[in-house]
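The lines below spell out each chain.
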Amino acid sequence: MKAAIVGMGGIAPIHVESLKTIGIPIVAVCDNKPHIASAFGKQLGCPYFTDYKAMLAAGGFDVLHICLPHYLHAPVAIEALEKGINVICEKPMATTVEDAKNMIAASNKSGARLEIIYQNRYNPGSQAIKKTLDSGELGHVVSGFLHITWHRNEEYYTQSDWRGRWSTEGGGVLINQSIHTFDLMNYFLGNPTAVFGSVANRAHPSIEVEDAAEGMIYYGDVGVSFYATNNHPYNAPVALEIVCENGRVMLSGASASIAYNDGRQKSFPLDEKTVKIYGKDYWGYSHIVQIEAFYKGTKEGVCGNEGLITQKLINGIYDSSKLGHIVAL
């Protein structure tokens with residue numbers, strides 16, 4: 001298997017290091033900024049392109065890693081999938097549900113695989129929570145919450161030509177910073193059925209999109225509250241909790257704990273092995289785990305249909321905020 005990467009911005013080096021670590025050759029890179037494309041091409045000893053269409057036409061690779069701005073995920077993925085090239089796409093899957101569905105349709109038609117990067121599912125703490133919930137030992141789920149309190153200043157938005165705009169980013173704190181945590185809740189609880197939320201821009205006058213969001217997600221008769229903001233003084237650890245009949249599970253950053261009603265407790269701290277895996281702490285550490293699983297087929301991945309569930313949730317919150325009432329998913 002040979003890989004190519006398009007979009008050599010902030011997240012691309014994590015894909016580069018992951019591929020190098022697991023022994024997958026990178027045979028092409030692409031970025032619309034010539035100096036960035038050439039720098040990575042020289043570093044990796046491979047051809048470089050400034051036009052993804054030219055790279056796709058040249059071919060010679062089996063998997064395309066998409067690390068582009070949000071609005072480009074769908075068109076580039078669809079074009080690659082239609083050529084029979086497998087795709088690993090960074091979150092969010094797309095900016096709209098329609099685009100996400102079109103990506104799945106292209107994958108189904110060609111038979112090429114479509115994987116969405118939600119690496120936090122692979123963190124040891126997340127895996128422990130998933131296993132415990134699926135075992136049934138905690139009984140039925142009662143409720144839950146998720147909190148994402150991070151910091152993004154004006155410069156974060158103004159230094160980019162695509163962030164902070166509905167047409168290119170597709171939203172703000174929800175679709176960009178918080179989407180991994182919403183995806184984790186879906187991973188733990190399944191398909192959400194409805195949402196009632198609101199979004200607002202509280203402290204970033206230069207952007208169109210939201211920097212704060214709150215509301216309720218419903219998984220059948222189970223309600224989960226959420227709060228997300230980019231107005232916190234610093235990037236605090238993500239907090240997620242699920243309360244069950246016989247206890248509760250908690251996630252703080254990448255560390256998990258389980259508290260049983262009978263007094264027993266289990267903890268799954270961030271271990272040394274996980275810390276060595278590439279990535280900022282609030283991004284999660286498991287890109288390499290998900291990417292390796294994709295290439296080796298060792299675990300069930302996050303296919304397009306799984307990514308669509310989270311896409312529907314995020315876009316459903318935006319719809320609910322505009323309409324001012326609960327929205328069925």
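For the structure, see preceding data.
Quick summary incoming for the structure in this document.

Conventions adopted
- Residues numbered from 1 in each chain as written.
- Predicted model: local features only at pLDDT ≥ 70, side-chain atom pairs only at ≥ 80, totals over all residues.
- Heavy atoms only, no water.
- Helix = DSSP H or I, 4+ residues; strand = E, 2+ residues; numbered from the N terminus.
- Rg over C-alpha atoms; globule rule 2.2 N^0.38 Å.
- Buried < 20%, exposed > 50% of the residue type's maximum accessible area, 1.4 Å probe, protein only.
- Areas by Shrake-Rupley, 256 points an atom, 1.4 Å probe, with all protein chains shown as cover.
- Lys, Arg positive; Asp, Glu negative; His and termini not counted.
- Charge placed at Lys NZ, Arg CZ, Asp CG, Glu CD.
- Axes fitted to C-alpha atoms, helices over the stretch in contact; angles between N-to-C directions.
- Parallel < 35°, antiparallel > 145°, perpendicular 65-115°, else oblique.
- Left-handed = near helix turned anticlockwise from the far one by under 90°.
- Contact = heavy atoms within 4.5 Å.
- Pairing = 2+ DSSP bridges.
- Polar contact = N/O pair within 3.5 Å; in protein donor to acceptor, adjacent residues only side chain to side chain.
- Core = buried A, V, L, I, M, F, W, Y, C linked by side-chain atoms within 4.5 Å.
- Nonpolar A, V, L, I, M, F, W, Y, C, P; charged D, E, K, R; others polar.
- Phe/Tyr/Trp six-rings, centres within 6.5 Å; stacked < 30°, edge-to-face > 60°.
- Lys NZ or Arg CZ within 6 Å of the ring centre and 35° of its normal.

What the protein chain contains, in helices and strands, is twelve helices and 15 strands. Computed over C-alpha atoms, the radius of gyration of the protein chain comes to 20 Å, within 12% of the 20 Å expected from 2.2 N^0.38 for 329 residues, which places it in the range of a compact globule. In terms of overall dimensions, the protein chain has a C-alpha envelope of 60 × 40 × 40 Å along the principal axes. Here the protein chain holds 329 residues, and 54% of them are scored as buried. When the accessible area of the protein chain is evaluated, it comes to approximately 14,000 Å², of which 51% is carbon and sulfur surface. Counting 27 positive and 32 negative side-chain charges, the protein chain places the centres of these two groups 5 Å from one another.

With that settled, consider the packing of helix α1 (residues 12-22) against helix α2 (residues 34-44). Between α1 and α2, whose axes approach to 13 Å, the crossing angle comes to 15°. Taken together, the axis directions place α1 and α2 in an arrangement best described as roughly parallel. For the element pair α1 and α2, the recorded crossing hand is right-handed. On α2, the residues touching P13, V16 and K20 of α1 are F40, Q43 and L44.

Read from one edge of the open sheet, six strands run β3-β2-β1-β4-β5-β6, paired in parallel fashion. Two strands lie at the open edges of the sheet, namely β3 (48-49) and β6 (114-116), each paired on one side alone. By the bridge criterion, four bridges tie strand β1 (residues 3-6) to strand β2 (residues 26-30) in an arrangement that is parallel. Pairing of A4 across the sheet is with A28, part of β2. On the sheet, α1 packs against β1, β2, β4 (63-66) and β5 (86-89) and is oriented at approximately 170° with respect to β1. Packing of helix α4 (residues 73-82) onto the sheet brings it into contact with β1, β4, β5 and β6, and relative to β4 it is tilted by some 180°.

In this sheet, strand β13 (residues 255-260) lies alongside strand β12 (residues 247-252) in antiparallel orientation, the contact comprising six bridges. Paired with S252 across the strands is S255, a residue of β13. From the end of β12 to the start of β13, which pair antiparallel, there are two residues, and G253 there has a positive phi angle of about 65°. Here β13 runs beside strand β14 (residues 265-268); their pairing, made up of four bridges, is antiparallel. Bridge pairing links A256 to F268 in β14.

Moving on: the side chain of S320. Its place among the elements puts S320 in helix α12 (residues 304-323). A distance of 2.7 Å separates a polar atom in the side chain of S320 from the backbone oxygen of H325. Once residues lying within four places of it in the same chain are set aside, the contact partners of S320 are V195, F196, G197, H325, I326 and V327.

So, about the nonpolar core. Grouped together as the largest cluster of nonpolar side chains are 73 residues, with contacts concentrated most on V6, M55, L64, I66, M103 and F182. Here I66 is in contact with V6, H73, V76, A77, V87, I88, C89 and E90, once residues within four sequence places are set aside. Within the second largest apolar cluster, 23 residues are counted, among which are I11, L19, I24 and I291.

On to the environment of V142. Mapped onto the elements of the fold, V142 is located in strand β7 (residues 141-149). Residue V142 is classed as partly exposed on the basis of its relative accessible area, which comes to 43%. Note: C-alpha distance between V142 and T193 (51 residues apart in sequence) is 15 Å.

Next up on the list: the sheet that holds β12. Strand pairing in a sheet relies on backbone hydrogen bonds, with the paired strands running either antiparallel or parallel. Ordered by their spatial adjacency, nine strands build an open sheet running β14-β13-β12-β11-β7-β10-β9-β8-β15, and the pairing between neighbours is mixed. Each end of this open sheet is capped by a strand with a single partner; those strands are β14 and β15 (327-328). By the bridge criterion, two bridges tie strand β8 (residues 194-200) to β15 in an arrangement that is antiparallel. In the sheet register, A194 faces β15, and the bridge partner there is A328. Contacts between α12 and the sheet are confined to β8, β9 (212-219), β10 (222-229) and β15, with β8 contributing the most and set at about 70° to the helix.

Moving on, we come to the packing of α1 against helix α11 (residues 287-296). Their axes nearest at 9 Å, the elements α1 and α11 cross at an angle of 55°. When the axis of α1 is compared with that of α11, the two are oblique. Crossing handedness for the pair α1 and α11: right-handed. For the pair formed by α1 and α11, the contact residues are I14, H15, S18, L19, T21 and I22 on the first element and H287, I288, I291, E292 and Y295 on the second. Residue classes in the contact of α1 with α11 are distributed as six nonpolar, four polar and one charged.

Within this structure, the stated rule accounts for five aromatic pairs. On the numbers, 5.1 Å between centres and 85° between planes, the contact of W166 with Y318 is edge-to-face. Of this pair, W166 sits in the loop between α7 (154-158) and α8 (173-177) while Y318 sits in helix α12, and the two are 152 residues apart along the sequence. Note on F294 and Y295: the rings are 5.6 Å apart at their centroids and 80° apart in plane angle, and the pair reads as edge-to-face. As far as burial versus exposure is concerned, F294 and Y295 are alike and both buried. Sitting over the face of the ring of Y156, R152 holds its NZ or CZ atom 5.1 Å from the ring centroid. Across from the ring centre of Y260, 4.0 Å away, lies the NZ or CZ of R264, which sits over that ring.

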